[in-house]
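What follows is the residue order along each chain.
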Amino acid sequence: MFFSSLLHKLFPPKFEEEALGFIDTNPEYILVDNKNSFKKMLAILNQASACVMDTEADSMHHYQEKLSLIQISVGKYHWLLDPLCGLNLKPLWKCKAMKQITFHACDYDLRLLARFHKFHPKKIYDTSIAAKLLGEKQTGLAALVEKYFKIKLDKENQRADWTKRPLSPEMCCYAVLDTIYLDAMRESQCEKLRKLGRIEWLQESCESLLKKSKTNQSDGENCQKESWRLKGSNAFKPLELQLLRAAWQWRDQEAEKRDLASYRILSPYFILGVAKTAAKARGKIDERNLPKIPRNLRGKLLQSFLAKLNAAATAPESEFPNPIPRKATPRTAINEDLREKLRELRNEEAMQLKIDSGLLAKQNQLNVLADELNGNWEEKFEVAEFMNWQREIWRVLVTKAVLPKNAAELRTWAKERILGMSEESKAKENENLLLALSKHPALQNGYIAAFYPTKFEPQIIPLLKQLAHEGRLLLPRTLNKKMEFALVQNFEEDLQAGTFGIMEPKRLPAFEGVPAAFLVPGVVFGKDGTRIGHGAGYYDRFLATSKGIPKLGIAYSAQIRSSLPQNATDVRMNEVVRATV
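Residues numbered from 1 in each chain as written. Predicted model: local features only at pLDDT ≥ 70, side-chain atom pairs only at ≥ 80, totals over all residues. Heavy atoms only, no water.

A. Inspection of the packing of helix α13 (residues 336-353) against helix α16 (residues 388-397) at higher detail. Where α13 contacts α16, the two axes come as close as 11 Å, and the packing angle between them is 120°. One finds that α13 runs oblique with respect to α16. Helix-helix and strand crossings are classified by hand; for α13 and α16 the assignment is right-handed. For the pair α13 and α16, contact is made by Leu342, Leu345, Arg346, Glu349 and Leu353 and by Ile393, Trp394 and Leu397, respectively. Each residue belonging to the contact of α13 with α16 can be placed in one class, and the counts come to 6 nonpolar, no polar and 2 charged. (Axes fitted to C-alpha atoms, helices over the stretch in contact; angles between N-to-C directions. Helix = DSSP H or I, 4+ residues; strand = E, 2+ residues; numbered from the N terminus. Parallel < 35°, antiparallel > 145°, perpendicular 65-115°, else oblique. Left-handed = near helix turned anticlockwise from the far one by under 90°. Contact = heavy atoms within 4.5 Å. Nonpolar A, V, L, I, M, F, W, Y, C, P; charged D, E, K, R; others polar.)

Structure representation (structure tokens):
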């Protein structure tokens, strides 16, 4: 007893969260599966000011999901707590160490703790969120442990059935390694975050995650009764919904009977398909009215499934479920050009900060910012549910969100964007554009009135050569402020530099026929077919006399706006064919 007490004084256990943690590639752990071991664990957790935690569940293996293991670490102590052994865990959640918990990617852990034990930590630290705010390329636990500690984790037991008892030594070793490194990782991350001035970002992000986990739990509980309404069934008719519900109920009953996860009985995609195809059956539903039947649905099981469907199909229509009335979609007035500008600003800022752009704003938040019905910027930040650190960044970014207003500004905008494109990006867009044009129905027959591209325009020369070889290429030339087209059959010999330095037909006779389609260049195009050219008006004057002929604007993605200001003499394109990567 005296010797034990002396050892305790000489080598006291580490409780403080500031400690670097206990790093061991082959750690000892304590299995907590009885009152005695549980009591000893609580004694230490009541002294510690924080802990590290992880959880394991069995949703992949059993019908009823269960919280199957709780891993807890404090300093050199590593516990594997068995929540299935009949212990009353209420004293655990009242321990001092539970006030501040370090997790890794804890969204699922928080949901499990809330669902099975009504426990919500007061404060959390998520090493995954911290890694993202530090700009780590890979934020999985194994990748971070290898980077920070040069240790490779064995993830063989990641999909193990954690309800099996006794737990194998391999499973226990796997489980304890999920918490053992997080203390030291947190200390290292915090040091880096402080140097970058982002520690408050992390704290607020963790607080936001805690808040959302509570909201999501409440929403999830409200949706349990309608869980058979799978994603993709919103537009189903009553009979299809009736069959979907029957298929879902049959699957659920079989899963419960065999204690298997529901998806292992039938996939949700299969039962969605069943509802659609079986609804078309005229008379009794049989296997011919089903999609491709999986191998595990045969014999008596298949007959039972079909009986369930037929009973549902022949029930009174008054019992059929109705589609859920769609909520009125809130009115929006999203300025697509503003959204694109905000996306560019976000991406540039993220690149400067060396973090993922989604941390600054997700797509739905960009939509909120670009919605002109959401008031001023501060009101938009509120609707977008930005955290304070995000607001601080966006208050600066929105001052730069100035859109070009007139044709001159739009031309400058487009040329700057094209000049900013990499050669690789241009080559890829040109390749995709040529492929799209080769398949376009308007270009399959007849003469095609095209253009010889400048350096700011998509390089469609391979298409021009092909059209010339087929004897179908018309190219423009300008003379005395007028434009006319001529038939070009020899691409190398029939062209010369024209008034603006652009290659155009030599002294060939003007084409007097009717082209099948126009390929039209421009500096800026609107998605609605609006166009701004170089300003001389040649194309607008010529196209105004060519009604009824398809006019295809040809553009890089960098040249596209939502819509453009137009004058009375401007001609709108029937379609804008844009190159995309």
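B. Examining the packing of aromatic side chains more closely. Counted by the stated rule, this structure contains 16 aromatic pairs. Arranged with centres 4.6 Å apart and planes meeting at 25°, the rings of tryptophan 93 and phenylalanine 119 form a pair that is stacked. One end of the pair, tryptophan 93, is in helix α3 (residues 90-93); the other, phenylalanine 119, is in the loop between α4 (107-117) and β6 (123-126), with 26 residues separating them in the sequence. We classify tryptophan 93 as buried; its relative accessible area is 14%. According to the relative accessible area criterion, phenylalanine 119 is buried, its value standing at 7%. With a centroid separation of 6.1 Å and 5° between ring planes, the pair formed by phenylalanine 386 and tryptophan 394 is classed as stacked. (Phe/Tyr/Trp six-rings, centres within 6.5 Å; stacked < 30°, edge-to-face > 60°. Buried < 20%, exposed > 50% of the residue type's maximum accessible area, 1.4 Å probe, protein only.)

C. Representation of α4 within the structure. For α4, the complete set of buried residues consists of Asp109, Leu110, Leu112, Leu113 and Ala114. Immediately beyond the C-terminal end of α4, within one or two residues, lies lysine 118, with a positive phi of roughly 50°.

D. Structural context of helix α10 (residues 238-258). For α10, with 21 residues, the first-to-last C-alpha span of 30 Å sits near the 30 Å given by 1.5 Å per residue. Note on α10: the residue one or two positions beyond its end, aspartate 259, has a positive phi of about 50°. (Expected span 1.5 Å × (residues − 1).)

E. Looking closely at the sheet that holds strand β13 (residues 524-526). Taken in spatial order, the 3 strands line up as β14-β13-β16 in an open sheet, and their pairing is mixed. A strand with exactly one partner marks an edge of an open sheet, and here the two such strands are β14 (531-532) and β16 (560-561). The sheet strands contacting helix α17 (residues 407-419) are β13, β14 and β16, and the helix crosses β13 at an angle near 105°. (Pairing = 2+ DSSP bridges.)

F. Highlighting the packing of helix α6 (residues 141-149) against helix α8 (residues 182-196). One can describe the packing of α6 onto α8 by two numbers: an axis separation of 11 Å at closest approach and a directional angle of 75°. Classified by the interaxial angle, the pair formed by α6 and α8 is roughly perpendicular. In this structure, α6 contributes Leu141, Leu144, Val145, Tyr148 and Phe149 to the contact, and α8 contributes Leu182, Ala184, Met185, Ser188, Gln189 and Lys192.

G. Broad picture of unusual backbone geometry. With an omega of 0°, the peptide bond between arginine 165 and proline 166 qualifies as cis. Tracing the chain through its elements places proline 166 in the loop between α6 and α7 (169-176). Located in the positive-phi region is lysine 354, a residue other than glycine, with phi close to 60°. Checked against the element boundaries, lysine 354 lands in the loop between α13 and α14 (363-370). In this model, lysine 481 sits at a positive phi of 60°, which is unusual for a non-glycine residue. Note on placement: lysine 481 falls in the loop between β8 (473-479) and β9 (482-488). The exposed category is assigned to lysine 481, whose relative accessible area is 66%.

H. Representation of the pairing of strand β5 (residues 100-103). As defined by bridge partners, strand β2 (residues 51-57) adjoins β5 across 2 bridges and the pair is classed as parallel. Among the inter-strand pairings, cysteine 51 is bridged to a residue of β5, identified as isoleucine 101. The sheet contact formed by β5 and β6 spans 4 bridges and is parallel. Pairing of glutamine 100 across the sheet is with lysine 123, part of β6. Between the parallel pair β5 and β6, the chain is carried across by α4, and the sense of this crossover is right-handed. (Right-handed = clockwise from strand over helix to strand, strands pointing away.)

I. Looking closely at the sheet that holds strand β4 (residues 77-81). An order of β1-β4-β3-β2-β5-β6 is seen for the 6 strands of this open sheet, with the pairing classed as mixed. Two strands lie at the open edges of the sheet, namely β1 (30-32) and β6, each paired on one side alone. On average, each strand axis in the sheet is inclined to that of its neighbour by 30°, with strand direction left out of account. Across the sheet, α8 is in contact with β2, β5 and β6; its angle to β6 comes to roughly 85°.

J. Highlighting the side chain of serine 37. Looking at where serine 37 falls in the secondary structure, it is placed in helix α2 (residues 35-45). Setting aside anything within four residues of it in sequence, one finds serine 37 in contact with Leu31 and Val32.

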